[in-house]
Amino acid sequence: MQLLSSIYFNQDEYSKTASLYEQIIAQGVSLNPVQRFEWGTSYYHLDKHSKAIEQLKPLSIGKDDIAVESMFVLGLSYLDLGDKSNARTSFQYCTASNLDPSKKEIATFLDGKLSFELGFEDQGFKTITSFMDVYPNSKFYQEVKEMLLQYYTKTNNFKAAI
């Protein structure tokens with residue numbers, strides 16, 4: 001059943017994945033970190049964010065790939081639940097880690113955006129200016145430029161805003 005759960009996960013069959021892992025746990029079988037990641041990520045894709053956090057949070061401790069990937073999905077889950085502070089913390093961890101480049105781009109963007117929204121404007125400014133240098137062709141580039149313009153306007157730096 002554990003192998004079948006992983007197969008379903010790799011085929012994006014998240015409902016089947018979650019269901020099978022629930023059955024496995026009910027039988028008293030322990031899951032390894034990869035299986036727990038698959039289970040938690042399946043919950044995320046099923047919009048069961050609290051359950052995703054419950055499964056992924058214990059995996060987020062450390063520096064291995066499972067920890068980093070778990071932290072990324074945790075950030076998305078926290079964001080979907082409206083917990084911007086924990087989402088920001090998760091994305092900050094991801095930006096300093098060896099995350100898949102496309103996910104790192106998303107994490108960096110969300111870190112900058114959430115920093116501004118939560119009042120950490122200097123950190124937000126630093127993050128988005130770096131983002132513009134690292135990801136000049138990003139799909140988020142226009143939104144980042146708008147955040148930067150708002151920052152310059154708010155700080156009365158009209159010369160930079162132009």
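Sequence order as written defines residue numbering, which begins from 1 separately in each chain. Note on the predicted model: pLDDT of at least 70 is required for a residue's local features to be given, and 80 or more for side-chain atom pairs to be given and counted; whole-chain, interface and lining totals, by contrast, use all residues. In computing side-chain values, all of the structure's heavy atoms are included and hydrogens and water are not.

> How do you make sense of the overall build of the chain when you look at a structure like this?
Helix and strand counts for the chain come out as ten helices and zero strands. When the helices and strands of the chain are listed from N to C terminus, the series reads α-α-α-α-α-α-α-α-α-α. Counting only C-alpha atoms and orienting by the principal axes, one finds that the chain spans roughly 65 × 25 × 25 Å. Throughout, a residue-residue contact means that at least one pair of heavy atoms, one from each residue, lies within 4.5 Å. Sequence separation of at least 24 residues holds for 44% of the intrachain contacts in the chain that already meet a minimum separation of 6. Residue exposure ignores everything except the shown protein chains as possible cover, and the areas themselves are Shrake-Rupley values with a 1.4 Å probe. Counting only carbon and sulfur atoms, one obtains 52% of the accessible surface of the chain, whose full area is about 9000 Å². We treat Lys and Arg as the positive residues and Asp and Glu as the negative residues; His and chain ends play no part in the count. Charge placement uses NZ in Lys and CZ in Arg. For Asp and Glu, CG and CD serve respectively. Between the centroid of the 16 positive side chains of the chain and the centroid of its 20 negative side chains there is a distance of 4 Å. Strands are runs of DSSP state E lasting at least 2 residues, helices are runs of H or I lasting at least 4, and numbering of each runs from the N terminus.

> What exactly am I supposed to notice about a nonpolar patch on the surface here?
Candidate patch residues must exceed 30% relative accessible area and have no salt bridge, after which like charges are joined if within 9 Å and Val, Leu, Ile, Met, Phe, Trp or Tyr side chains if within 5 Å. A pairing counts as a salt bridge when a side-chain nitrogen of Lys or Arg comes within 4 Å of a carboxyl oxygen of Asp or Glu. A cluster of nonpolar residues, Leu 3, Leu 4 and Ile 7, forms a patch on the protein surface that exposes about 280 Å² of accessible area. Note that Leu 4 resides in helix H1 (residues 2-10).

> Any chance you could explain the side chain of Gln 55 here in plain terms?
Mapped onto the elements, Gln 55 comes out in helix H4 (residues 49-56). Side-chain polar atoms of Gln 55 contact the side chain of Arg 36, separated by 2.2 Å. Each residue touching Gln 55, except ones within four places of it in the same chain, is listed here: Arg 36, Trp 39, Gly 40 and Tyr 43. Here a polar contact is taken to be a pair of N or O atoms separated by no more than 3.5 Å, where protein atoms must pair a possible hydrogen donor with a possible acceptor and residues adjacent in sequence count only if both atoms sit in side chains.

> Help me understand the nonpolar core in this model?
General note: in soluble globular proteins, nonpolar side chains tend to be found buried as a group. Only buried residues count toward a nonpolar core. Its members are Ala, Val, Leu, Ile, Met, Phe, Trp, Tyr and Cys residues joined through side-chain atoms within 4.5 Å. Only protein chains enter the calculation, and the probe is 1.4 Å; a residue is then buried if its accessible area is under 20% of its type maximum, exposed if over 50%, and partly exposed in between. Core analysis: the biggest nonpolar cluster contains 43 residues, and Phe 37, Leu 56, Phe 72, Phe 91, Phe 109 and Val 144 have the highest contact counts within it. At the level of elements, helix H2 (14-26), helix H3 (33-45), H4, helix H5 (65-80), helix H6 (84-95), helix H7 (101-117), helix H8 (121-134) and helix H9 (141-154) are the ones that each hand at least two residues to this core. For this core, the element with the most residues is H5, which contributes nine residues. Filtering out sequence-adjacent residues up to four positions away, Phe 72 remains in contact with Phe 91, Cys 94, Leu 99, Lys 103, Ile 106 and Ala 107.

> Would you mind showing me how to read the pattern of salt bridges here?
Any two side chains of opposite charge can pair, so long as their charged atoms come close to each other. This structure, assessed with the given rule, holds four salt bridges. The residue Glu 143 makes a salt bridge to Lys 113 at a minimum N-O spacing of 3.0 Å. Placement of the pair is Glu 143 in helix H9 and Lys 113 in helix H7, with a sequence separation of 30 residues. The partner of Lys 154 in a salt bridge is Glu 121, and the shortest N-O contact between them spans 2.2 Å. Note that Lys 154 is positioned in helix H9 and Glu 121 in helix H8, a separation of 33 residues in sequence. Here Lys 154 falls in the exposed class, since its relative accessible area comes to 56%.

> When you look at unusual backbone geometry in this model, what are you seeing that I'm missing?
With the exception of glycine, the majority of residues adopt a negative phi angle, and the majority of peptide bonds are in the trans configuration. Even without a glycine there, the phi angle at Asp 12 is positive, about 60 degrees. Positive phi is not limited to glycine here, since Asp 47 has a value of about 60 degrees. Along the chain, Asp 47 falls in the loop between H3 and H4. Accessibility expressed as a relative area gives 59% for Asp 47, which makes it exposed.

> Just to check I follow, could you spell out the environment of Lys 57 for this structure?
Checked against the element boundaries, Lys 57 lands in the loop between H4 and H5. Along the backbone, Lys 57 and Pro 33 are 24 residues apart, and their C-alpha atoms lie at a distance of 11 Å. Apart from residues lying up to four places away in sequence, Lys 57 is in contact with Leu 74 and Tyr 78.

> Would you explain H1 in this entry?
Think of an α-helix as 3.6 residues a turn; residues three or four steps apart then line up on the same face. Within H1, burial applies to Ser 5, Ser 6 and Phe 9. Along the axis of H1, the buried positions cluster into a sector of 95 degrees, meaning they face one direction only. Of the surrounding secondary structure, the elements contacted by the buried residues of H1 are H2 and H3. By construction, the arc corresponds to the directions joining the helix axis to the C-beta atoms.

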